[in-house]
Amino acid sequence: MTPSGRRRGASTSAGVRAVALVSLWLIGCASQPVSRPAGPRPAAESAAAPRADSRFAPAEAAIAAKHGSDYSGFNLLERSDRALLWRLTLIDSARHSIDLQYYVWFGDTLGRLMMDRVIKAADRGVKVRILFDDLNTMLHDMTHVEMRDELLARIDRHPNIQIRVFNPWDDRSLFGRGVGMASDFKRLNRRMHNKQMVVDNRVAIIGGRNLGDEYFGLNAEFNFHDLDVLGVGPVARQASQVFDRYWNSDWVRAIPRLAPGADMPPASELSTASIGTVMGNPSLMSIDAGRSDWTAEIDGLPGMLAAGRSEVHTDSPVRDAATGNHMPNAIHHLMHSAKSELLITNAYIIPDASFMADLRQLAGRGVTVRILTNSLASHDVPAVNSHFEQWREPILETGAELYELRPDAAIRGELADIAPLRAEFVGLHTKAMVIDRRRAFVGSMNLDPRSQILNSEMGVLIDSPLLAEKLAERMLRDMAGDNSWQVIRADDGTLRWRSSAGELTSQPARSLSQRMQNVLFKAFPVDLY
């Protein structure tokens, strides 16, 4: 994976990736020090304390009364439609504050819908803070470059909206960004991969989804099977502390200001006409995404929450080479804590020696380990598979079970696509673990070199047997033969891919082109991904 992210998993353009790869090859970047972003650092500020009149206060009070003030309530957001509708519920029902921290937030159907609702919340007087990775300011969607500073600066003019960017390019032009990649590669190769939103400091959504069509069942080519968790209570303050830590970081700058000028131009992607087109999307119409009254959903919230204690983990926002990431150690300790069973679902896996040692150590203690990741056929990033495939046999040799998602998984219609849309295939984007059916982890971290070393990541560890059992059931469903291949070793020592559709003797792929990419990307350094 390049600094501009995954071609689809982080949804960036091939052109931006090419700039990064050429820069890496042409510049002696190993000798460059890691600099800090230029320009003035914005004023520090922190989230306001939660207020009693928040619409989410009764749900938090109900959890506290029954379980204690240190407990939060949680609900898994697995289906694309639920993940979208609950985000709209939170935004439309906010009374005081909305904090949004995302790796990418595209200008596609989903992105425009979300931004329109955020602006409407700000019009009501809600204070909004938006923190993007600066990669977001040059992407319209997963395959199209678009310089978006002007649009975002116009949104930032709203008296109730602030927009900041993480680790920004100094020169804001596309050409200048290419030059920046060559001259300041070590800094610009380090990105903020966190994904969360916090409303009224009482409710949060944390997980793997970026804000774009393919993460919410609206992409005609493919959609992701992904996972977030909605949390009400102290977990929101834990998440808010993470947000403030990044918002006030020396690696964050305000979106560049515009000179005083006209209001949003009529052709804007957020114009009334444009939003009208968005709301005419058949999938959005099928789930009534245009409504704004969520009283029934909020009233029913206490009854759908699983109680548990939580810890929100994150890496330091400091991206210099001397500052190590926290998340790899957190995942390591989490794996080691398993006593009987460890379930792992992770979209992008390129193991290292530590991960393999953990698997062997767990096997030595008799812990059952099951792992689900993408197959080449379900992959949006063949380059990751290029460096993963050599690890299949070593993983099996540890005694772990290995499963790979099918692109035609039976779950895709129910979980990934929003009807009537039917995408060509489904890919995996979830990053989750369940330990001993007692604790669950949901977050943004892939098990690959980029997440371990270069990106910042975050996630929430939840001590809740009820939630963990629900997540475990869903993970095992995903590993079943209608949804995945189990990778096994045949009697002759070769690998086989077994599912309800039969057994394959070579790794499945969607096309010859995908197989060719799989070979080609072996030539690139593994630490790019």
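These numbers were taken from a predicted model, which means no experiment stands behind them. (Residues numbered from 1 in each chain as written. Predicted model: local features only at pLDDT ≥ 70, side-chain atom pairs only at ≥ 80, totals over all residues. Heavy atoms only, no water.)

Our focus in this paragraph is the side chain of S249. You can see S249 is positioned in the loop between helix 8 (234-247) and strand 9 (252-254). A relative accessible area of 6% places S249 in the buried class. (Helix = DSSP H or I, 4+ residues; strand = E, 2+ residues; numbered from the N terminus. Buried < 20%, exposed > 50% of the residue type's maximum accessible area, 1.4 Å probe, protein only.)

With that settled, the discussion passes to unusual backbone geometry. Only a minority of non-glycine residues have a phi that is not negative, and only a minority of peptide bonds are not trans. For the peptide bond that leads from A419 to P420, omega is 10°, which places it in the cis range. Among the secondary structure elements, P420 is positioned in the loop between helix 16 (412-416) and strand 14 (425-428). Look at N201: it is not a glycine, yet its phi comes out positive at around 55°. Mapping N201 onto the fold places it in the loop between strand 5 (195-199) and strand 6 (203-207).

Another point: the nonpolar core. Counting residues in hydrophobic clusters, the biggest one holds 92 residues, and the most contacted among them are I130 and L230. Per-element tally for this core: the top contributor is helix 4 (residues 109-123), with 8 residues. Residues contacting L230, with those up to four places away along its chain left out, are G73, F74, N75, L77, W86, L90, V203, A204, I205, L301 and L305. In this structure, L131, F166, A236 and W251 belong to the second largest nonpolar core, which totals 34 residues. (Core = buried A, V, L, I, M, F, W, Y, C linked by side-chain atoms within 4.5 Å. Contact = heavy atoms within 4.5 Å.)

The next point concerns the packing of aromatic side chains. Across all of its chains, the model carries 9 aromatic pairs by this definition. Aromatic side chains F166 and W251 sit 6.5 Å apart centroid to centroid with 20° between the ring planes, which places their arrangement in the stacked category. Of the two residues, F166 is situated in strand 4 (residues 161-166) and W251 in the loop between helix 8 and strand 9; the sequence distance between them amounts to 85 residues. Since its relative accessible area comes to 0%, F166 is described here as buried. Here W251 falls in the buried class, since its relative accessible area comes to 0%. Note on F222 and F425: the rings are 5.1 Å apart at their centroids and 10° apart in plane angle, and the pair reads as stacked. You can see F222 sitting in strand 7 (residues 222-225) and its partner F425 sitting in strand 14, a full 203 residues away along the chain. (Phe/Tyr/Trp six-rings, centres within 6.5 Å; stacked < 30°, edge-to-face > 60°.)

This part is about the environment of S456. In this fold, S456 is placed in the loop between helix 17 (449-454) and strand 17 (458-463). A relative accessible area of 0% means that S456 is categorised as buried. Residues S456 and H326, spaced 130 residues apart in sequence, show a C-alpha to C-alpha distance of 9.0 Å. The residues touching S456, leaving out its near neighbours within four places in the chain, are R191, M192, H193, N194, Y246, D315, S316 and R319. Engagement of the side chain of S456 in a polar contact is seen with the side chain of Y246, the distance being 3.5 Å. (Polar contact = N/O pair within 3.5 Å; in protein donor to acceptor, adjacent residues only side chain to side chain.)

This next bit is on helix 18 (residues 465-479). If you check helix 18, its first and last C-alpha atoms are 21 Å apart, about what 15 residues at 1.5 Å a residue would give, namely 21 Å. Within the span of helix 18, buried status applies to L467, A468, L471, A472, M475, D478 and M479. Buried residues of helix 18, viewed axially, fall in a sector of 130°; they line one side. (Expected span 1.5 Å × (residues − 1). Arc of directions from axis to C-beta.)

Relative to the elements of secondary structure, D141 occurs in the loop between strand 3 (127-133) and helix 5 (149-156). A distance of 3.1 Å separates a polar atom in the side chain of D141 from the backbone nitrogen of T143. Of the polar contacts made by the side chain of D141, one reaches the side chain of H144; its length is 2.8 Å.

Turning our attention to the confidence of the model for the protein chain. Averaged over every residue, the pLDDT of the protein chain is 92; residues scoring 70 or more account for 92%. Here residues 1-31 is a poorly scored stretch, pLDDT under 50, and it has 102 contacts once near neighbours within four places are set aside; other chains count. (pLDDT = per-residue confidence, 0-100.)

The subject of this paragraph is a nonpolar patch on the surface. On the surface, V145, M147 and L174 cluster together into a nonpolar patch covering about 230 Å² of accessible area. Within the secondary structure layout, M147 lies in the loop between strand 3 and helix 5. (Patch = residues over 30% accessible without salt bridge, like charges linked within 9 Å, V, L, I, M, F, W, Y side chains within 5 Å. Areas by Shrake-Rupley, 256 points an atom, 1.4 Å probe, with all protein chains shown as cover. Salt bridge = Lys/Arg side-chain N within 4 Å of Asp/Glu carboxyl O.)

With that settled, the discussion passes to the environment of D133. Note that D133 resides in strand 3. Take D133: its relative accessible area is 0%, and that puts it in the buried class. When the C-alpha positions of D133 and R191 are compared, they lie 6.6 Å apart, and in sequence the two are 58 residues distant. Engagement of the side chain of D133 in a polar contact is seen with the backbone nitrogen of L135, the distance being 2.9 Å. One polar contact links D133 to R191, side chain to side chain, over a distance of 2.9 Å.

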